[in-house]
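# Fold and contact review
Here is what each chain is made of, one letter per residue.
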Amino acid sequence: MRYGKIGAAIASLAAALLFAGDMALSGGMVRHAGSMNGGGDGNKDIAVRQVTVTPIRAHAGDTVRVDVVIENKADGYETVPLEIFANKKVVARKLFTFGLSPADRIYRETMAWDTRGVSPGEYRIRAEVFVWGDSSPYDNYLEVKHVVLLSAPGAPFPDGSTSGGSATETDPRFGKSGVGG
């Protein structure tokens, strides 16, 4: 025996926990192991319901705030990436956990796009949550129709306006979109 009796006992205990118990302790709650990350038989259905970008007129080097409203439409539990894209390039990413509590259906996440080193121009912003096995993946992303305009530091904006403003895109099944300021 390579690891002796203690090694065999630890291996047996691990096997018992993995196969016989089929339960896991997570976040202070007991959950079926099949419903945890990457797993099993839980129905997962996430929808990006709203994306707000502030400011929509900024100078390269400014921080652009992106607020995302996400709905958990099913009972699944998982931690997945939430990504913000500017012109199809990932500019912000964080892990997002949904389903810890069955009562939590609406989540609000705020992310920041640091535009230091970004070329002036127009940028389309998209928020996306990728969930493997989502029952309706078509609503896991939402793109803001209004572009974010980045000007060179200190340069005026083409229309003579000042930095600021916001744009909100809302899933048409959820509410209305708009541009402010």
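Residues numbered from 1 in each chain as written. Predicted model: local features only at pLDDT ≥ 70, side-chain atom pairs only at ≥ 80, totals over all residues. Heavy atoms only, no water.

Here the focus is the confidence of the model for the protein. Per-residue confidence for the protein gives a mean pLDDT of 81, with 73% of residues at or over 70. Confidence over residues 15-40 falls short of pLDDT 50; this stretch has 35 contacts with residues more than four positions distant or in other chains. (pLDDT = per-residue confidence, 0-100. Contact = heavy atoms within 4.5 Å.)

Before going further, it helps to spend a moment on the sheet that holds strand 12 (residues 148-151). Spatially, the three strands line up as an open sheet ordered 4-12-9, and their pairing is mixed. Each end of this open sheet is capped by a strand with a single partner; those strands are strand 4 (57-59) and strand 9 (121-123). On average, each strand axis in the sheet is inclined to that of its neighbour by 30 degrees, with strand direction left out of account. Across three bridges, the pairing between strand 4 and strand 12 is parallel. Along strand 12, the bridge assignment pairs Arg 57 with Leu 149. (Pairing = 2+ DSSP bridges. Helix = DSSP H or I, 4+ residues; strand = E, 2+ residues; numbered from the N terminus. Axes fitted to C-alpha atoms, helices over the stretch in contact; angles between N-to-C directions.)

Bringing the packing of aromatic side chains into the picture now. A complete count under the given rule lists four aromatic pairs for this structure. Between the aromatic rings of Trp 113 and Tyr 123, the centroid separation amounts to 5.4 Å while the plane-to-plane angle is 70 degrees, which identifies the pairing as edge-to-face. You can see Trp 113 sitting in strand 8 (residues 106-114) and its partner Tyr 123 sitting in strand 9, a full 10 residues away along the chain. For Trp 113, a relative accessible area of 3% translates into the label buried. Overall, the relative accessible area of 12% leaves Tyr 123 in the buried class. With centroids separated by 6.1 Å and ring planes inclined at 55 degrees, the aromatic side chains of Phe 130 and Trp 132 adopt a geometry described as tilted. Of the residues examined, Phe 130 reaches a relative accessible area of 44% and is grouped as partly exposed. With a relative accessible area of 67%, Trp 132 lands in the exposed category. Members of the aromatic cluster, joined through ring pairs, are Phe 96, Phe 98 and Tyr 107. The cationic tip of Arg 126 hangs over the ring face of Tyr 141; the distance from NZ or CZ to the ring centre is 3.9 Å. (Phe/Tyr/Trp six-rings, centres within 6.5 Å; stacked < 30°, edge-to-face > 60°. Buried < 20%, exposed > 50% of the residue type's maximum accessible area, 1.4 Å probe, protein only. Lys NZ or Arg CZ within 6 Å of the ring centre and 35° of its normal.)

With that settled, the discussion passes to the environment of Met 111. Along the polypeptide, Met 111 turns up in strand 8. Since its relative accessible area comes to 5%, Met 111 is described here as buried. Considering only alpha carbons, one finds Met 111 and Lys 94, 17 residues apart in sequence, at a separation of 8.2 Å. Every residue in contact with Met 111, bar those within four places of it in the chain, is listed here: Val 64, Arg 65, Val 66, Leu 82, Ile 84, Ala 92, Arg 93 and Lys 94.

Pairing between side chains of opposite charge can happen when their charged atoms approach one another. As enumerated under the stated definition, the model contains 12 salt bridges in all. With a closest N to O distance of 2.9 Å, Arg 49 and Asp 171 form a salt bridge. Of this pair, Arg 49 sits in strand 3 (residues 46-54) while Asp 171 sits in the loop between strand 13 (166-170) and strand 14 (178-180); the two residues are 122 residues apart in sequence, bridging distant segments of the chain. Accessibility classification places Arg 49 together with Asp 171 in one group, the buried group. The residue Asp 139 makes a salt bridge to Lys 73 at a minimum N-O spacing of 2.7 Å. Of this pair, Asp 139 sits in the loop between strand 10 (125-129) and strand 11 (141-143) while Lys 73 sits in the loop between strand 5 (63-72) and strand 6 (78-86); the two residues are 66 residues apart in sequence, bridging distant segments of the chain. Classification of Asp 139 as buried rests on a relative accessible area of 1%. Each of Asp 45, Lys 73 and Asp 139 takes part in one network of salt bridges that share partners. (Salt bridge = Lys/Arg side-chain N within 4 Å of Asp/Glu carboxyl O.)

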